[in-house]
Amino acid sequence: MGNQNSAILKKQKPKYIPSSTLILLAFTTAFFPRLLDALGAPSAINFLHFATVPFCLMVALTTTQTKSSRQITIVWALIHGLLILLGVMVASALLNQAGTINVVLHFLMLGEPFLVLMAIVSIPMSVATMQRFKNWIVGCAFTNLLLAFIMWPLAYANILPRYGMGLEDSIQGVFYFSGAGNTVSTSVSMSFAVYYLVNAKRVALWFRLCVILAAFTQLIVSDSKQVVFAFLLSGMILTLVNLNDLSKAIYYIVAFGLLLWGFFWCVENVEAFFAFKGWMERSELYGADGEVTLTKTAVFRIVPSYYESFLHWLFGLGSGHTASRLGGWMLKDYAGLLEPLGSTRHPASQQLWRVVGNAPVASGSTMFLPFFGWAGIWGDLGFLGLGAYLYVASIVWRKICWNNMSRFLLLNVFSFGLIFTQMEEPGFMLFIAALIGLQWQESQHKVRV
């Protein structure tokens, strides 16, 4: 009788959605909302990931059965690092009277990738779970690439609505419609193509090379020149990082040299690359008093002009008050939703927009805008905020990025942080976090074997 009761209890035991599935659902809410918004979904769908990401992390942390000291150590290190970052944000908000909603949104926009990484690292994954996880991420990346190729002829045939954008700018994949969706979409495609080439060993080499070619074609037809700069800078830094290992150093120096030579050859000889040459030849724009230089660095002149004490050097002007994506776009675009919640704006960000309006080069490329990731963190949170963010990123570099592919992906984030506000773009950042976390999980199986 007792055995029968035990069997009945086992049958009635509730089944929960696995943490790995919740992580994928949270990732999906950040990857596709722009497209769903364009198809008619309420614009509030762009905020859904702010709820799903913390929820999936909470479930992962409270239900994980891991006993791995390595996993536990990494999770606690990330928690401590993020608490330091949050502490700086709160102190900055108190100093500058920034709204509470500013702090919440800013913390989530900067911290979400780390929350996703924490969730991925905290759970033990079987080989089958990892494969399912990888298939979903790869499928999302291919969807973005395929949509970009569908948009290409539609844009040039003037069938695709452009909302005031150029033909190339409207080729945005799953990030349609957004201001720099073409660059974000291409960033995802190029990052995925490099990852796929290196990691999908069971897929035929010719197919992986075709994926690289397709991603690079998207880069050209969508006029996303910034991605080339980011990838070249990341490759150069990765080469320097590997100089302590002679065999790796030679490999990366040769590979990077060939890539650089190939790019400049194409700039001189292939018509599709002539757009790069046009900007490179206008040397008068890049001098100390050049229009590009003065526009890009305007943030470093404007932000300190609002400092009233030494504390502002340490804590900045407050979340969303300067050159971040939050201050540059979000607080303005969603004012009807956020102002009733107590959001605050600052004259510094408005003055930066006046600089943009008076600089013709700023309309030519997001590369030249004074709104970009590192400037946004420094302007909003000061040097302490910048240090806190770098500390959290260093944890990922030291404890999670176990191979050069993961390091390259993380370096891409740092490189894009010099260009635009992609460090606060959830679709791109969570995609990179998922790839890095997936590779870490795969490394754990290699260690156990």
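Okay, so let's go over this structure. These figures come from a predicted structure and were not determined experimentally.

### Things to note about the packing of helix α7 (residues 127-156) against helix α8 (residues 181-199)
In contact at an axis separation of 9 Å, α7 and α8 are set at 130° when each is read in the N-to-C sense. Relative to α8, α7 is oriented oblique. Of the two elements, α7 crosses α8, and the hand of that crossing is left-handed. The segment α7 lies against α8, with Lys134, Val138, Ala141, Phe142, Asn144 and Leu145 engaging Ser185, Val188, Ser189, Phe192, Tyr195 and Tyr196. Among the residues making up the contact of α7 with α8, the classes are represented as eight nonpolar, three polar and one charged.

### What to know about unusual backbone geometry
Here the residue pair Tyr176 and Phe177 is connected by a cis peptide bond, since its omega of 5° sits within 30 degrees of zero. Among the structural elements, Phe177 can be located in the loop between α7 and α8. Phi is positive for Gln97, close to 55°, though the residue is something other than glycine. Tracing the backbone through its elements, the reader meets Gln97 in the loop between α5 (69-96) and α6 (100-122). The class for Gln97 is exposed, based on a relative accessible area of 68%.

### Details of empty space enclosed by the protein
Within the structure shown, the criterion is met by two cavities of 30 Å³ or more. Roughly 110 Å³ of volume is contained in the largest cavity. Counting only elements with at least two residues in the lining of the largest cavity, the list comes to α6, α20 (373-400), α21 (404-416) and α22 (426-448). Its residues placed into classes, the lining of the largest cavity shows 13 nonpolar, no polar and no charged. For the second largest cavity, the calculated volume is near 30 Å³. What lines the second largest cavity is Ala148, Phe149, Trp152, Ile171, Thr217, Gln218 and Val221. Those elements giving two or more residues to the lining of the second largest cavity turn out to be α7 and α9 (205-221). Among the residues making up the lining of the second largest cavity, the classes are represented as five nonpolar, two polar and no charged.

### Observations concerning α8
The terminal C-alpha atoms of α8, which comprises 19 residues, lie 26 Å apart, in line with the 27 Å expected from a rise of 1.5 Å per residue. Counting buried residues along α8, 16 of its 19 residues qualify, which places the element largely inside the surrounding structure.

### Quick look at the packing of α6 against α20
One can describe the packing of α6 onto α20 by two numbers: an axis separation of 12 Å at closest approach and a directional angle of 10°. Comparing the axis directions of α6 and α20 gives the class roughly parallel. Of the residues in α20, those in contact with His106, Leu110, Phe114, Leu117 and Val121 of α6 are Ile377, Asp380, Leu381, Tyr389, Val392, Ala393, Val396 and Ile400. Here the contact of α6 with α20 is built from residues that sort into 11 nonpolar, one polar and one charged.

### With respect to the side chain of Thr295
In this structure, Thr295 sits in helix α13 (residues 291-296). If sequence neighbours within four positions are ignored, Thr295 has contacts with Val355, Ala359, Val361, Ala362, Phe368 and Pro370.

### Focus: the nonpolar core
Counting 131 residues, the largest nonpolar core has Phe31, Phe133, Tyr389, Ile400 and Phe431 as its most contacted members. Sort the elements by how many residues they give to this core and α6 lands first, with 15 residues. The residues touching Ile400, leaving out its near neighbours within four places in the chain, are Ile74, Leu78, Leu117, Val121, Ile395, Ile436 and Trp440. Ranked by size, the runner-up nonpolar core spans seven residues in total, among them Ala148, Met151, Leu160 and Ile171.

### A word on α7
Look at α7: 44 Å from first C-alpha to last across 30 residues, which is about the 44 Å you get at 1.5 Å a residue. Note on α7: the residue one or two positions beyond its end, Asn158, has a positive phi of about 60°.

### Brief notes about the environment of Leu160
Inspection of the secondary structure assignment puts Leu160 in the loop between α7 and α8. Among the residues examined, Leu160 registers a relative accessible area of 12% and is labelled buried. If sequence neighbours within four positions are ignored, Leu160 has contacts with Met151, Leu154, Ala155, Ser170 and Tyr176.

### Focus on the environment of Met165
On the secondary structure map, Met165 appears in the loop between α7 and α8. Relative accessible area serves as the criterion here: at 13%, Met165 is assigned to the buried category. Residues Met165 and Val188 lie 23 residues apart in sequence; the distance between their C-alpha atoms is 21 Å. Contact partners of Met165, with chain neighbours within four places excluded, come to Ser170, Gln172, Phe177 and Ser178.

Cut-offs applied
- Residues numbered from 1 in each chain as written.
- Predicted model: local features only at pLDDT ≥ 70, side-chain atom pairs only at ≥ 80, totals over all residues.
- Heavy atoms only, no water.
- Axes fitted to C-alpha atoms, helices over the stretch in contact; angles between N-to-C directions.
- Helix = DSSP H or I, 4+ residues; strand = E, 2+ residues; numbered from the N terminus.
- Parallel < 35°, antiparallel > 145°, perpendicular 65-115°, else oblique.
- Left-handed = near helix turned anticlockwise from the far one by under 90°.
- Contact = heavy atoms within 4.5 Å.
- Nonpolar A, V, L, I, M, F, W, Y, C, P; charged D, E, K, R; others polar.
- Buried < 20%, exposed > 50% of the residue type's maximum accessible area, 1.4 Å probe, protein only.
- 1 Å grid on protein atoms, 1.4 Å probe; cavity = no way out; pocket = protein on both sides within 12 Å on 5 of 7 lines; lining within 4 Å.
- Points joined across faces, edges and corners; volume = space filled by probe spheres on them.
- Expected span 1.5 Å × (residues − 1).
- Core = buried A, V, L, I, M, F, W, Y, C linked by side-chain atoms within 4.5 Å.

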